[in-house]
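Close look at the chain arrangement
The primary structure of each chain is shown beneath.
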Amino acid sequence: IDQNAAFRRPELAQMEDITQKDPKEIEASKHDLNYIALDGHIGCMVNGAGLAMATMDLIKLKGGSPANFLDVGGGAGDDQVLTAMKILNSDPHVEAILVNIFAGITRCDMIALGIIRGCQELNIYKPIVLRLKGTNIEKAKEIIQESGFNMFITDDLEEAARKAVNMTHIIKMAREAKINISLS
């Protein structure tokens, strides 16, 4: 039963067997995040299901594959973004992270703060590509540049998808050639 309808049928909701769920899905639901694991290598953090679908389609179009559907929602704060970063970082298949946020209610600066907290607290060294648009975008860019973390930020989703896909290809080639690369 869908969690949005669980309140209507509490007797069915009580029958849920969470041992059958992906632990990342359980963690996401505790923080009002929508998460579905996929089999790709690009971790996606997006706000809005439609934007998430478009992001995943563009990744496929550019020759990559999404590792997940992760919707932080329209009112995400830095704590939810930090949780999303934990979930993405815990997936061993994720080689790069693509964040695509269109900020209306959600503010770009809050997203940026959550991403930076994630990088600091989780020691994330995966390539991060950001496509941020909307409320407080200039402040977000300033926060990211002052953070000292090397992230690629763009206004163009197609460029962001291409960059994330290219990064995963570089990582794959280095692994196949048995070359250690360091992303810091």
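The present account deals with the structure reproduced in this document. Values in this document were obtained by computation on a predicted structure and should not be read as measured data. What you see as residue numbers is a count from 1 along each chain, following the sequence as written. Where local features are concerned, this predicted model is filtered to residues with pLDDT of at least 70; where side-chain atom pairs are given and counted, the filter is 80 or more; whole-chain, interface and lining totals use all residues. Excluding hydrogens and water, the side-chain figures rest on all heavy atoms present in the structure.

Our next topic: the overall build of the chain. Looking only at helices and strands, one finds seven helices and six strands in the chain. Numbering goes from the N terminus for both helices and strands, where a helix is a DSSP run of H or I of at least four residues and a strand is a run of E of at least two. Ordering the α and β elements of the chain from the N terminus gives α-α-β-β-α-β-α-β-α-β-α-β-α. Taken over C-alpha atoms, the radius of gyration is set against a globule rule of 2.2 Å times the number of residues to the power 0.38. Over its C-alpha atoms the chain spans a radius of gyration of 17 Å, differing by no more than 12% from the 16 Å that the globule rule assigns to 184 residues. Judged by the C-alpha coordinates and their principal axes, the chain covers about 55 × 40 × 30 Å. When the 184 residues of the chain are sorted by exposure, 43% land in the buried category. Burial here depends on accessible area, computed with a 1.4 Å probe over protein chains only, as a share of the maximum for the residue type. Under 20% is buried, over 50% is exposed, and the range in between is partly exposed.

A few words now on helix α6 (residues 137-147). Buried within α6 we find Ile-137, Ala-140, Ile-143 and Ile-144. Around the axis of α6, the buried residues are gathered within 120° of arc, so they sit on the same side. Exposed residues lying more than 90 degrees from the buried face of α6 are Glu-138, Gln-145 and Glu-146. Within two residues after α6, Gly-148 carries a phi angle of roughly 85°, on the positive side. What the arc describes is the spread of directions from the helix axis to the C-beta atoms.

Now for the packing of aromatic side chains. To pair, rings of Phe, Tyr and Trp, with the six-membered ring standing in for Trp, must have centres within 6.5 Å; the planes then decide the type, stacked if under 30 degrees apart, edge-to-face if over 60, and tilted in the middle. A complete count under the given rule lists zero aromatic pairs for this structure. Over the ring of Phe-152 we find Lys-163; its NZ or CZ atom is 4.5 Å from the centre of that ring. The rule is short: NZ of Lys or CZ of Arg within 6 Å of the ring centre and within 35 degrees of the ring normal puts a charge over the ring.

The subject of this paragraph is the packing of helix α5 (residues 108-122) against α6. As a rule, the C-alpha atoms of each element are fitted with a line to give its axis, helices using only the stretch in contact, and angles between N-to-C directions run from 0 to 180 degrees. With their axes 7 Å apart at the nearest point, α5 and α6 run at an angle of 20° to one another. It follows from the interaxial angle that α5 and α6 lie roughly parallel. Crossing handedness for the pair α5 and α6: right-handed. Contacts between α5 and α6 involve Cys-108, Asp-109, Ala-112, Leu-113 and Ile-116 from the first element and Ile-137, Lys-139, Ala-140, Ile-143, Ile-144 and Ser-147 from the second. Here the contact of α5 with α6 is built from residues that sort into eight nonpolar, one polar and two charged. Just so you know how the angles are binned, under 35 degrees is roughly parallel, over 145 roughly antiparallel, 65 to 115 roughly perpendicular, and the rest oblique. Each helix crossing is assigned a hand: it is left-handed if the near helix lies turned anticlockwise from the far helix by less than a right angle, otherwise right-handed if that turn is clockwise. Contacts: residue pairs with any heavy atoms within 4.5 Å of one another. Here the term charged refers only to Asp, Glu, Lys and Arg, the term nonpolar to Ala, Val, Leu, Ile, Met, Phe, Trp, Tyr, Cys and Pro, and the term polar to all other amino acids, Gly among them.

This brings us to the layout of surface pockets. Space inside and on the surface of the protein is sampled on a 1 Å grid over the protein atoms alone, with a cavity defined as a set of points where a 1.4 Å probe fits but cannot get out and a pocket as an open set with protein on both sides within 12 Å along at least 5 of 7 lines; lining residues have an atom within 4 Å of a point. Grid points are joined across faces, edges and corners, and a volume is the space filled by probe spheres set on the points. Taken as a whole, the largest pocket spans an internal volume of roughly 360 Å³. Every element with two or more residues in the lining of the largest pocket is listed here: α2 (23-30) and β1 (34-37). When grouped by side-chain class, the residues that make up the lining of the largest pocket number ten nonpolar, three polar and three charged.

Counting residues in hydrophobic clusters, the biggest one holds 33 residues, and the most contacted among them are Val-99, Ile-115, Ile-128 and Leu-132. When contributions to this core are tallied by element, the ones reaching two or more residues are α4 (78-90), β4 (96-103), α5, β5 (128-134) and α6. It is α5 that contributes the most residues to this core, six residues altogether. Filtering out sequence-adjacent residues up to four positions away, Ile-115 remains in contact with Val-81, Met-85, Val-99, Ile-128, Leu-130 and Met-151. Grouping buried Ala, Val, Leu, Ile, Met, Phe, Trp, Tyr and Cys residues that are joined through side-chain atoms within 4.5 Å yields what is termed a nonpolar core.

Successive side chains on a regular strand alternate, one facing one side of the sheet and the next facing the other. Extensive coverage of strand β2 (residues 42-46) is indicated by the burial of five of its five residues. When DSSP finds at least two bridges between two strands, those strands are taken to pair. Pairing of β2 with β4, which is carried by five bridges, proceeds in the parallel orientation. For Cys-44, the partnering residue across the bridge sits in β4 and is Leu-98.

Everything listed here is a matter of coordinates, which is why it stays silent on function.
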